[in-house]
Amino acid sequence: MTVHKTRMLIIGSGPAGLSAAIYGARAMMEPIVVQGLQPGGQLTITTDVENYPGFKDVIQGPWLMQEMQAQAEHVGTRMMWDTIVDIDLSNGSPFRATGDSGDIYEGETLVIATGAQARWLGVPGEQELGGKGVSACATCDGFFYRGKKVAVIGGGNTAVEEALYLTNHSDDVTLIHRRDELRSERILQERLFKNPKIKVLWNKVVESFEGDPLAGGLTHLSLKDTVTGETSDFAADGAFVAIGHAPSTELFKGKLELDAGGYIVVEPGTPKTAIPGVFACGDVMDHTYRQAVTAAGTGCMAALDAERFLATLEFAKGETQAAE
Ligand SMILES: Cc1cc2nc3c(=O)[nH]c(=O)nc-3n(C[C@H](O)[C@H](O)[C@H](O)COP(=O)(O)OP(=O)(O)OC[C@H]3O[C@@H](n4cnc5c(N)ncnc54)[C@H](O)[C@@H]3O)c2cc1C
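Keep in mind that what you see is a predicted model, and the values were worked out from it rather than measured.

### Things to note about the state of the cysteines
- Enumeration over the complete set of coordinates arrives at one disulfide.
- Through a disulfide, C137 is tied to C140; the S-S separation comes to 2.0 Å. The chirality of the disulfide connecting C137 with C140 is right-handed, given an S-S dihedral of about 65°.
- In this structure C281 is a free cysteine whose sulfur lies 9.9 Å from that of C300, the closest cysteine sulfur available.

Rendered as structure tokens:
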């Protein structure tokens, strides 16, 4: 068992964690990033990324994350192949985390960037056609379906928002829902029903996504009627699974305040949690925007605030010593 000490411990290696690392390393905080089970985060499971600033041509998600990691390492970040399985925030700074390897990580500041995972249906074809017609993010991928026929699966706020957003790109949007009424807020439902570009298919569940991942991608969805049991095919160029997101916050239950959706609660407009020296950034604290660029932005904020926290701590220590 090894104890790794650092001025800034970062949990998570998506855009939030790596951006915090780049800023932290350049501020001489010698950050450690514990990467977790998905090194590079959610962007490693997508293909085309067209909205991350700085690249006029379409770039690939995994490539972007490799470049971000290389940049973080280049400026002095230590990357660890480990997953945090336990954390102790009860005694304040330094914070102690235990890795799956048995190693201990001790950070004078802690940046939580454990992200979130889109919920998927878990039906055949979904994984194989991911990024080839099946997506979980209309803001990210809607643009690729300009003028095409798209389906959105779900009945809550996420699904209705995704369907409304997609009408910016497509005149043929169908919401597929397993019940005969929506769970989303009334105001969103009103907007949905008034929009001539959106149709709703009630009482239908998706049994599979069909198409060839290597040639043309998604062609149609195989649906089953929840009332009659009848099956049917629904032709679509794109399908957006919009049944919610799950933030990766299991580790912090009972240790940090979480909201009703399980997201870490921060002081509005900042990455500060209620525990001084502990910061949260990216999708783990943001259920609204959930983009790589916003994750990177809040990662930067977390590093700057961590640096300020340490400076204040060191100043206070100096004052105490001077008084003794
Ligand atoms: C299919 C898809 C396509 C997308 N396309 C785009 C796009 O085109 N443009 C865009 O801007 N956004 C896109 N997004 C959204 C974007 O990927 C996320 O907003 C962004 O990745 C969030 O970054 P993050 O760093 O907060 O978290 P994540 O990327 O979720 O990273 C979380 C990190 O935390 C780690 N972790 C979790 N638990 C632990 C633990 N216990 N110990 C150690 N590490 C842990 C994981 O291994 C991972 O490295 C897409 C998302 C998906 C799912």
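### Re the site of the ligand
- Around the ligand sit 31 residues in total, of which Q35, Q38, Q42, D283 and A292 are the nearest.
- Backbone polar atom of L37 to an oxygen atom of the ligand: 3.4 Å apart, as the coordinates give it.
- Residue Q38 places a main-chain N or O atom 2.8 Å away from an oxygen atom belonging to the ligand.
- Within the shell around the ligand, the residues separate by chemical class into 14 nonpolar, 15 polar and two charged.

### Observations regarding the packing of helix α4 (residues 157–166) against helix α5 (residues 186–194)
- In contact at an axis separation of 10 Å, α4 and α5 are set at 35° when each is read in the N-to-C sense. As for how α4 packs across α5, the hand of that crossing is left-handed. Within the contact between the two elements, α4 uses N157, V160, E161, A163 and L164 and α5 uses L188, R191 and L192.
- Tallied by class, residues from the contact of α4 with α5 come to five nonpolar, one polar and two charged.

### Points about the side chain of T174
- Locating T174 in the fold gives a position in strand β12 (residues 172–176).
- In this structure T174 comes out as buried when scored by relative accessible area, which is 1%.
- Once you skip the residues sitting within four places of it in the chain, T174 turns out to touch V150, A151, V152, K199, L201 and F234.

### Focus: the pairing of strand β1 (residues 3–11)
- Bridge count between β1 and strand β8 (residues 104–112): eight bridges; the pairing is parallel. Pairing of M8 across the sheet is with T109, part of β8.
- The sheet contact formed by β1 and strand β2 (residues 32–34) spans three bridges and is parallel. Considered in β2, the bridge of I10 is made with V33.

Reading guide: rules and limits
- Residues numbered from 1 in each chain as written.
- Predicted model: local features only at pLDDT ≥ 70, side-chain atom pairs only at ≥ 80, totals over all residues.
- Heavy atoms only, no water.
- Disulfide = S-S within 2.5 Å.
- Near = heavy atom within 4 Å.
- Polar contact = N/O pair within 3.5 Å; in protein donor to acceptor, adjacent residues only side chain to side chain.
- Nonpolar A, V, L, I, M, F, W, Y, C, P; charged D, E, K, R; others polar.
- Axes fitted to C-alpha atoms, helices over the stretch in contact; angles between N-to-C directions.
- Helix = DSSP H or I, 4+ residues; strand = E, 2+ residues; numbered from the N terminus.
- Left-handed = near helix turned anticlockwise from the far one by under 90°.
- Contact = heavy atoms within 4.5 Å.
- Buried < 20%, exposed > 50% of the residue type's maximum accessible area, 1.4 Å probe, protein only.
- Pairing = 2+ DSSP bridges.

By themselves these figures say nothing about function.
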